[in-house]
Amino acid sequence: MNKVEIYGIPCRREGIIKMFEKIIQYGLVDIDVENRASLVDDMLKSSEDKLRYAIQKLEENDVDTARLVIKGDVGVLIVKIEDVITIRATIKEYKKFIEDFKLVTD
């Protein structure tokens, strides 16, 4: 059974936006944006479009929670915005991400 590690991320919008602006550098595997108040997220096909949309939503709204969950050989950055939008970005190079952004376990 894989051990799960959870890293808390302080919910400062500016810092989280910086993470998403640089996330491609960490081997972005996939990104998913679920917005219960819009159908736009369902129409986005490419990772680049989804990433741009995620950054736009981060710029427009306050972040409720943000965590980096490590399971197996990937890290998943999960951000919840005003209980309406959930962003999940899966990265390969999570160790470097943790180091660069100075994250600590919850």
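Quick caveat: nothing in here was measured; it's all calculated off a predicted structure. (Residues numbered from 1 in each chain as written. Predicted model: local features only at pLDDT ≥ 70, side-chain atom pairs only at ≥ 80, totals over all residues. Heavy atoms only, no water.)

## Points about the pairing of strand 1 (residues 4-8)
Move 1: In terms of strand pairing, strand 1 meets strand 3 (residues 63-71) through five bridges, oriented antiparallel. Paired with tyrosine 7 across the bridge in strand 3 is leucine 68.
Move 2: Alignment of strand 1 against strand 6 (residues 104-105), held across two bridges, turns out to be antiparallel. Directly across from glycine 8, in strand 6, lies its bridge partner valine 104. (Pairing = 2+ DSSP bridges. Helix = DSSP H or I, 4+ residues; strand = E, 2+ residues; numbered from the N terminus.)

## Here we look at the environment of aspartate 64
Move 1: By secondary structure assignment, the location of aspartate 64 is in strand 3.
Move 2: In this structure the C-alpha to C-alpha distance between aspartate 64 and glutamate 93, which are 29 residues apart in sequence, comes to 25 Å.
Move 3: Contacts of aspartate 64, omitting those with residues within four sequence positions, involve Cys11, Lys80, Ile81, Glu82 and Asp83.
Move 4: A polar contact is formed between the side chain of aspartate 64 and the backbone nitrogen of glutamate 82, at a distance of 2.8 Å.
Move 5: Of the polar contacts made by the side chain of aspartate 64, one reaches the backbone nitrogen of aspartate 83; its length is 2.9 Å. (Contact = heavy atoms within 4.5 Å. Polar contact = N/O pair within 3.5 Å; in protein donor to acceptor, adjacent residues only side chain to side chain.)

## Points about the packing of aromatic side chains
Move 1: Scanning the model with the defined rule gives three aromatic pairs in all.
Move 2: An angle of 50° between the planes, with centres 6.1 Å apart, marks the rings of tyrosine 26 and phenylalanine 101 as tilted. Pair noted here: tyrosine 26 is in the loop between helix 1 (13-22) and strand 2 (28-35) and phenylalanine 101 is in the loop between helix 4 (94-100) and strand 6, with a separation of 75 residues, a long-range link.
Move 3: Of the residues examined, tyrosine 26 reaches a relative accessible area of 3% and is grouped as buried.
Move 4: Owing to a relative accessible area of 23%, phenylalanine 101 belongs among the partly exposed residues under this scheme.
Move 5: Seen in terms of ring centroids, phenylalanine 97 and phenylalanine 101 are 4.8 Å apart; in terms of plane orientation they differ by 50°. Their pairing is tilted.
Move 6: Phenylalanine 97 sits in the buried class, given a relative accessible area of 0%.
Move 7: Cluster of aromatic residues (ring-pair linked, three or more members): Tyr26, Phe97 and Phe101. (Phe/Tyr/Trp six-rings, centres within 6.5 Å; stacked < 30°, edge-to-face > 60°. Buried < 20%, exposed > 50% of the residue type's maximum accessible area, 1.4 Å probe, protein only.)

## Observations concerning the sheet that holds strand 5 (residues 85-91)
Move 1: If you walk across this open sheet you meet the six strands as 2-5-4-3-1-6, and the pairing is antiparallel. Lying at the two open borders of the sheet, with one neighbouring strand each, are strand 2 and strand 6.
Move 2: Strands in contact with helix 1 are strand 2, strand 3, strand 4 (74-81) and strand 5; relative to strand 4, the strand with the most contacts, it is inclined by about 135°. (Axes fitted to C-alpha atoms, helices over the stretch in contact; angles between N-to-C directions.)

## Describing the side chain of threonine 90
Move 1: Relative to the helices and strands, threonine 90 is located in strand 5.
Move 2: You can call threonine 90 buried: its relative accessible area is 18%.
Move 3: Filtering out sequence-adjacent residues up to four positions away, threonine 90 remains in contact with Gly27, Leu28, Val29, Asp30, Val74, Gly75 and Val76.

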